[in-house]
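Listed below are the residues making up each chain.
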2 protein chains.
Amino acid sequence: MGKIKETIEEIRALDEAAMESARARQDTLTKPQHSLGILEDISVKIAGITGDFIPELNDKVIITMAGDHGITEEGVSAYPKEVTPQMVYNFLRGGAGINVLARHVGARVVVVDMGVATDIEVKRASANFINKKIAYGTANMTKGPAMRYEEAVRSIEAGIDVLEHEIEKGADIVGVGDMGIGNTTASSAIVAFITGEPVELVTGRGTGLDDEGLEVKIKTIKSALEVNNPDREDAIDILAKVGGFEIGGMAGVMLAASAHRIPVVIDGFISGAAALIAYELNPKIRDYLIASHLSVESGHRAVLEHLGMEPLFNLNMRLGEGTGAALGISLVDASCKILREMATFEEAGVSEKE
Amino acid sequence: MGKIKETIEEIRALDEAAMESARARQDTLTKPQHSLGILEDISVKIAGITGDFIPELNDKVIITMAGDHGITEEGVSAYPKEVTPQMVYNFLRGGAGINVLARHVGARVVVVDMGVATDIEVKRASANFINKKIAYGTANMTKGPAMRYEEAVRSIEAGIDVLEHEIEKGADIVGVGDMGIGNTTASSAIVAFITGEPVELVTGRGTGLDDEGLEVKIKTIKSALEVNNPDREDAIDILAKVGGFEIGGMAGVMLAASAHRIPVVIDGFISGAAALIAYELNPKIRDYLIASHLSVESGHRAVLEHLGMEPLFNLNMRLGEGTGAALGISLVDASCKILREMATFEEAGVSEKE
């Protein structure tokens, strides 16, 4: 708990002076003022986050955290839970959606086992795999808490460790993503409980449930919330009762990134649920977050509304893994390049507005 | 006129078989079906355009066409017309927004002088500059047609030439962009006339007009349409009466790209007006277009609605130059990489939906 407290206390406000300088520079570049719209706004936010008024992003990292969920035994997912480790191996071989999109945007992928139900066997020490397994999947949360309180603490601490390790390696922007069969169920429970929205409204089809499956999922979530009765004043209790190890890990990444002034691009619904946990621990993290896309998964809008954030784009995606975050990182990178590389009116000898 | 007719007649329907194969392949990749949403749809469209069910984009080109507008003497722009050639030089030196974003997405920029009011002096033969100047700017369209009918034909033909030249050099996807002080005025005239929307609704502030300037602009457009009375059945007459050389050029690029089965990513309002001209000449071009973003410039929505197209994103941009198209090309490229590079369930040994 000490590490979480320390990290939370280190989070400062954005650097207003850097933001002002960045905004002033945007207005000298050869384009009508604010004609690059949200790209300009992002560059200013990144200046505020990093404290550098012409920020440069050299090492883009997607951290994809995997964990299993005991709740799958209630039949809440269209895919079997074996898919979690199978997809982790797919990530490590470079064949998944996140690998393709990360390569496309020039980011590296770091895969973290936060709590997959089987051991992930990696032949050689792999630079892109980190084992932070808290346990072999969460427990079935309709029968008690998903994890012990102490495990929830450790999952967040593990996320802090992972991000600090990546910063040592050079990371200057991070995207977070998830893999875990059953994790939209845990996320919907968290989102319903924290935002106060009805379970029905924030529960979607995940990887592809039919109507009957969706009914089961909604009932399961309601039952899990009733059985566990989380403490609204304690985000770690919420995470322990109805969360997941990868969700705790992502919350830890967000806290650590905020403490170290590194922008965090969040993905869809699951990383949104993690953002709610982190936000409960310290609302200042919001300043360090960039919402990439609006997911198809119902409930994601409630997350962003609760955080008061607008997504950058909506491409009807719902894959997770960090795929939306990867595309979002590319836009953030573009925004910083605009600020850094465009000629000013003076440099280019272009006449200004009459 | 022969070249335009020939090009128009060459435009075929999309390749349905390639689209079916691409869709089938998307469904075998290691993700829930259609979980990458619009990215999947784009890849299928590119398969239909190219006839290749696993298309690959190796040479991405942004064609930025520049032209001046006699209408600027009516005070319809916030910037002086000298900015058109000044920005062309900025493009050639690599300091403009389009240069930064094209580099970011791995595209090259080709700048075309379609009708700048001064000579563009390029010291050495430049691979990224093409002189297709039809005239030294259009005439003031409140006093007669913006250009002669024959010049309108030549501007479209020049666009066809430019695209065919780039295809010879290897281009397999093209984005179109514009530069021309005064060209939102010409574009609003075209859009109002073709869509039938009121001038007020499709006229915006361009590079940054104040309320008074906007009033003048609206009156000017109404007067130009009244003075010239374009022929609704003849798109080339519309272009001649109230268009611009760069608008004709972009329409030519779109026609030629469609004929040669090359995807064209359109930018904002000006390239949208060009798309309307091309669409009037042959509505099949729509199948070859991808709308990148929704521009802040009012009237752009009317363009996309008339074409029945949805933009990929909305970042409150209104710079032109092809900046939105560049970001759009990156998404198209990502979509094709998904189709090409992702592992199938079988290859990755991942279990399918239960």
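Model, not experiment: these values are computed from the prediction. (Residues numbered from 1 in each chain as written. Chains lettered and ligands numbered in written order. Predicted model: local features only at pLDDT ≥ 70, side-chain atom pairs only at ≥ 80, totals over all residues. Heavy atoms only, no water.)

### Considering the pairing of strand β1 (residues 60–67) of chain A
All names here are of chain A.
Okay, step 1: In terms of residue burial, β1 counts as a mostly covered element, since eight of its eight residues are buried.
Okay, step 2: Of the two faces of β1, the one lined by Lys60, Ile62, Thr64 and Ala66 and the one lined by Val61, Ile63, Met65 and Gly67 are each fully buried.
Okay, step 3: Across seven bridges, the pairing between β1 and strand β4 (residues 173–179) is parallel. Looking across to β4, one finds that Ala66 is bridged to Met179. (Buried < 20%, exposed > 50% of the residue type's maximum accessible area, 1.4 Å probe, protein only. Helix = DSSP H or I, 4+ residues; strand = E, 2+ residues; numbered from the N terminus. Pairing = 2+ DSSP bridges.)

### Things to note about the interface of chain B and chain A
One frequent convention defines the size of an interface as the accessible area lost when the parts assemble.
Okay, step 1: Of the residues lining the interface, 57 residues belong to chain B; the matching set on chain A comes to 57 residues.
Okay, step 2: The junction of chain B with chain A conceals about 4,600 Å² of combined surface from both sides, 61% of it contributed by carbon and sulfur atoms.
Okay, step 3: Of all residues in chain B, Tyr79(B), His104(B) and Leu315(B) bury the most surface against chain A, accounting for 13% of the area lost on that side.
Okay, step 4: Put simply, chain B and chain A have two salt bridges between them.
Okay, step 5: Residues Arg103(B) and Glu341(A) are paired through a salt bridge, measuring 2.9 Å at the closest nitrogen-oxygen approach.
Okay, step 6: Inspection of the region where chain B meets chain A yields 24 residue pairs in polar contact (both at pLDDT 80 or more).
Okay, step 7: Looking at the side of chain B that touches chain A, the elements with two or more residues in it are α3 (37–50), α4 (83–93), α5 (97–105), α13 (323–341) and α14 (345–348) of chain B.
Okay, step 8: Looking at side-chain class alone, the side of chain B that touches chain A contains 26 nonpolar, 19 polar and 12 charged residues. (Contact = heavy atoms within 4.5 Å. Buried area = accessible area lost by both parts, 1.4 Å probe. Salt bridge = Lys/Arg side-chain N within 4 Å of Asp/Glu carboxyl O. Polar contact = N/O pair within 3.5 Å; in protein donor to acceptor, adjacent residues only side chain to side chain. Nonpolar A, V, L, I, M, F, W, Y, C, P; charged D, E, K, R; others polar.)

### Overview of the pattern of salt bridges
Okay, step 1: With the rule as written, the count across this model stands at 46 salt bridges over all chains.
Okay, step 2: Of the charged contacts, one joins Asp41(B) and Arg23(B) as a salt bridge, the two residues approaching to 3.0 Å between their closest N and O atoms. Highlighted residues: Asp41(B) in helix α3 and Arg23(B) in helix α2 (residues 16–26), separated in sequence by 18 residues.
Okay, step 3: Under the relative-accessibility criterion, Arg23(B) is labelled partly exposed at 26%.
Okay, step 4: With a shortest N-O distance of 3.0 Å, Lys31(B) and Glu40(B) are connected by a salt bridge.
Okay, step 5: Classification of Lys31(B) by relative accessible area gives buried; the value is 2%.
Okay, step 6: Through salt bridges with shared partners, one network takes in Arg23(A), Lys31(A), Glu40(A) and Asp41(A).

### Some remarks on the packing of aromatic side chains
Okay, step 1: One pass over the full model with this rule turns up two aromatic pairs over all chains.
Okay, step 2: Note on Tyr79(A) and Phe345(B): the rings are 6.4 Å apart at their centroids and 15 degrees apart in plane angle, and the pair reads as stacked. Linking Tyr79(A) in the loop between β1 and α4 (83–93) with Phe345(B) in helix α14, this pair reaches from one chain into another. The residues Tyr79(A) and Phe345(B) share a single accessibility class, namely buried. (Phe/Tyr/Trp six-rings, centres within 6.5 Å; stacked < 30°, edge-to-face > 60°.)

### Things to note about the relation of the copies chain B and chain A
Okay, step 1: Rotating chain B by 180 degrees about the axis while translating it 0.0 Å along that axis superimposes it on chain A, leaving an RMSD of 0.0 Å. Taken together, the rotation angle and the small translation identify this as a two-fold axis. Relative to the rotation axis, the C-alpha of Phe313(B) is the closest in chain B, positioned 2.8 Å from it.
Okay, step 2: Take the interface residues of chain B: 100% of them recur as interface residues in chain A, which is what a same-surface contact looks like. (Least-squares fit on C-alpha atoms with pLDDT ≥ 70 in both.)

### Examining the side chain of Gln26(A)
Okay, step 1: Its place among the elements puts Gln26(A) in helix α2 (residues 16–26).
Okay, step 2: Sequence-distant contacts of Gln26(A), defined by excluding residues within four places in its chain, comprise Lys31(A), Glu40(A), Ser43(A), Ser335(A), Ile338(A) and Leu339(A).

### Quick look at the domain arrangement of chain A
All names here are of chain A.
Okay, step 1: Domain annotation of chain A identifies domain 1 (2–55 + 339–348) and domain 2 (60–332).
Okay, step 2: One C-alpha centre belongs to domain 1, the other to domain 2; they are set 28 Å apart.
Okay, step 3: If you look at the interface, domain 1 gives 19 residues, while domain 2 gives 26 residues.
Okay, step 4: A buried area of about 1,900 Å², summed over both sides, lies between domain 1 and domain 2, and 66% of it is on carbon and sulfur atoms.
Okay, step 5: Contact with domain 2 buries area across many residues of domain 1, yet Ile4, Ile11 and Ile49 alone supply 33% of it, more than any other trio.
Okay, step 6: Along the contact surface separating domain 1 from domain 2 lie one salt bridge.
Okay, step 7: Our count for the contact surface shared by domain 1 and domain 2 stands at nine residue pairs in polar contact (both at pLDDT 80 or more).
Okay, step 8: Broken down by secondary-structure element, the contributors of at least two residues to the side of domain 1 that touches domain 2 are α1 (2–10) and α3 (37–50).
Okay, step 9: Sorting elements by how many residues they give to the side of domain 1 that touches domain 2 places α3 first, with eight residues.
Okay, step 10: Residues belonging to the side of domain 1 that touches domain 2 are distributed by class as follows: 10 nonpolar, four polar and five charged. (Domains from an automatic or database assignment.)

### Observations concerning the sheet that holds β1(A)
Residue and element names in this part refer to chain A.
Okay, step 1: Strand order in the open sheet formed by six strands is β3-β2-β1-β4-β5-β6, and the pairing between neighbours is parallel. On the outer flanks of this sheet lie β3 (129–131) and β6 (289–291), each paired with one strand and no other. Averaged over all adjacent pairs, the angle separating strand axes in this sheet is 25 degrees, with direction ignored.
Okay, step 2: Of the strand pairs in this sheet, β4 and strand β5 (residues 264–266) are connected by two bridges, and their pairing is parallel. Each residue of the ladder has a partner; that of Gly175, found in β5, is Val265. (Axes fitted to C-alpha atoms, helices over the stretch in contact; angles between N-to-C directions.)

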